[in-house]
Amino acid sequence: MRSEYYDPIEYQVAAAEDGWTVKSVLQRRMGISRKLLSRIKLTERGVMLNGQRVFISVPVKAGDTVSVSLEKETSVDILPEPIPFEIVYEDEALLIVNKAAGVIVHPTHGHYTGTLANGVVHYWQEKGERFRFRPVHRLDQETSGLIAIAKNAYVHQHISEQLIAGEVSKKYTALVHGCPAVSEGTIDGPIDRDPDEPHRRIVTPSGYPALTYYKVARAYGAGARVELRLGTGRTHQIRVHMTSIGHPLIGDKFYGLPGRTELPEPERERIARLDGAIGRQALHASELGFRHPLTGEALTFRSELPADMRELEELLREDGFFSANG
């Protein structure tokens, strides 16, 4: 059976690159990693120069066209399921989706179905398209918002490199208990696993460096709407950092509990009412920006707050919510 390929990724050699090898063009201009290049070389089409299969040691001339073709892939270990999801953007290289709260991104032990991956694979199958599910980043199950999915290894590599270099803009919106005394600032707190509870993260001097930038967008009597940007990408970073400064996310069952027993009874009741008004941590990935791996175009995607967070914010505006329930 002959292999099928995606449309080739091409590059035209510039005058200043005359005399370079094909390998130099692939790595220095097209940004193909050694690992990916090793895979491409083993395929039937491999690397081509002006439409002809060549060794990567061959020199190029100005005006030549260097191209690579990636074999079509599928996620054979992911069961296609009609799981609904919102498409924000799609082209031949990328799929940007708006994940709903409560949906796991990728199948894990004990969660083989009902995930975003199951839904995306089903969507591609229905369109007669073949792609492997390659999320560039993840969101917690109970966090809603934007996720970028690469349609091939080349695209995944390029956005991942942008992430590592800090060139991907990721912004979040959270609703938190109380309001930070300083309306805008940086939380610089190393994060590592809690030695007493490995699934939990804590701020600890011996942890890995972690930076979160926050800004209070709106302050209410019982809480605040906070816009956040990540300087690093540690597990549960926003949730851990906001708890560390005394303003845990509303509805966060995992990081919102510590210290509550020491609070006055009216304060504990108010916190319990707010947490009970939403079934998950009030966190939404609201903006995502990066350079398109194929065109170099700067892309920015935005997502409005989902209904449950809008309703929760409305309760924060209504002082009567607390007296009426107390």
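Trainee: When you look at the pairing of strand S9 (residues 169-177) in this model, what are you seeing that I'm missing?
Mentor: For a regular strand, the rule is simple: side chains alternate between the two faces of the sheet. The buried fraction of S9 amounts to seven of the nine residues, a majority that puts the element mostly inside the structure. Summarising the sheet, S9 and strand S15 (residues 283-291) pair through six bridges and their orientation is antiparallel. Each bridged residue has a counterpart across the sheet, and for Thr-173 the counterpart in S15 is His-284.

Trainee: Looking at this model, I keep getting lost on empty space enclosed by the protein. Mind explaining?
Mentor: In this approach, a probe sized like a water molecule rolls over the atoms, and the result shows the empty space that is left. For the structure shown, the criterion picks out one cavity of 30 Å³ or more. If you add up the space inside the largest cavity, you get close to 40 Å³. Taken together, His-137, Leu-139, Leu-146, Lys-170, Tyr-172, Ala-285, Glu-287 and Leu-288 form the lining of the largest cavity. Broken down by secondary-structure element, the contributors of at least two residues to the lining of the largest cavity are S9 and S15. No other element matches S15, which puts three residues into the lining of the largest cavity. In terms of residue class, the lining of the largest cavity is built from five nonpolar, one polar and two charged.

Trainee: Would you mind going over the layout of surface pockets with me for this structure?
Mentor: What the largest pocket holds in volume is close to 1,000 Å³. Of all the elements in the fold, those that place two or more residues in the lining of the largest pocket are S9, strand S14 (223-230) and helix H5 (237-244). Classifying every residue of the lining of the largest pocket gives nine nonpolar, 14 polar and eight charged. In this structure, the second largest pocket spans a volume of roughly 530 Å³. Considering the residues around the second largest pocket, the lining is formed by 28 residues, among which Asp-7, Pro-8, Ile-9, Asn-152 and Leu-294 are closest to the centre.

Trainee: Explain the environment of Tyr-11 here, please?
Mentor: Summarising the element assignment, Tyr-11 is placed in strand S1 (residues 9-12). With sequence-adjacent residues up to four places away left out, Tyr-11 is seen in contact with Glu-17, Val-25, Arg-29, Met-30, Asp-64, Thr-65 and Val-66. Here Glu-17 takes part through its side chain, which lies 2.9 Å from a polar atom of the side chain of Tyr-11.

Trainee: Please clarify how helix H4 (residues 153-164) should be interpreted in this entry.
Mentor: Side chains three or four residues apart in an α-helix point the same way, a direct result of the helix having 3.6 residues per turn. Compared with the 16 Å implied by 1.5 Å per residue over twelve residues, the 16 Å span of H4 between its first and last C-alpha is a close match. Inspection of H4 places Ala-153, Tyr-154, Val-155, Gln-157, His-158, Ile-159, Ser-160 and Gln-162 among the buried residues, and these make up the whole buried set. Residues of H4 that are buried sit in contact with S1, helix H2 (34-41), strand S6 (94-99), strand S7 (134-135), strand S8 (144-150) and S15. N-capping of H4 is provided by Asn-152, with a side-chain oxygen placed 3.0 Å from the backbone N of Tyr-154. Remark: Gly-166 follows H4 within two positions and exhibits a positive phi of approximately 75°.

Trainee: I'm lost on the pattern of salt bridges in this one. Help?
Mentor: Here the idea is simple: oppositely charged side chains can pair when their charged atoms come close. According to the stated counting rule, one finds 17 salt bridges in the structure shown. Among the ionic pairs, Lys-151 bridges to Glu-90, the shortest N-O distance being 2.8 Å. Placement of Lys-151 in the loop between S8 and H4 and of Glu-90 in strand S5 (residues 86-90) is noted, with a sequence separation of 61 residues between them. Residue Glu-90 is classed as partly exposed on the basis of its relative accessible area, which comes to 24%.

Procedures and definitions
- Residues numbered from 1 in each chain as written.
- Predicted model: local features only at pLDDT ≥ 70, side-chain atom pairs only at ≥ 80, totals over all residues.
- Heavy atoms only, no water.
- Buried < 20%, exposed > 50% of the residue type's maximum accessible area, 1.4 Å probe, protein only.
- Helix = DSSP H or I, 4+ residues; strand = E, 2+ residues; numbered from the N terminus.
- Pairing = 2+ DSSP bridges.
- 1 Å grid on protein atoms, 1.4 Å probe; cavity = no way out; pocket = protein on both sides within 12 Å on 5 of 7 lines; lining within 4 Å.
- Points joined across faces, edges and corners; volume = space filled by probe spheres on them.
- Nonpolar A, V, L, I, M, F, W, Y, C, P; charged D, E, K, R; others polar.
- Contact = heavy atoms within 4.5 Å.
- Polar contact = N/O pair within 3.5 Å; in protein donor to acceptor, adjacent residues only side chain to side chain.
- Expected span 1.5 Å × (residues − 1).
- Salt bridge = Lys/Arg side-chain N within 4 Å of Asp/Glu carboxyl O.

Any functional reading would require information beyond the geometric quantities listed.
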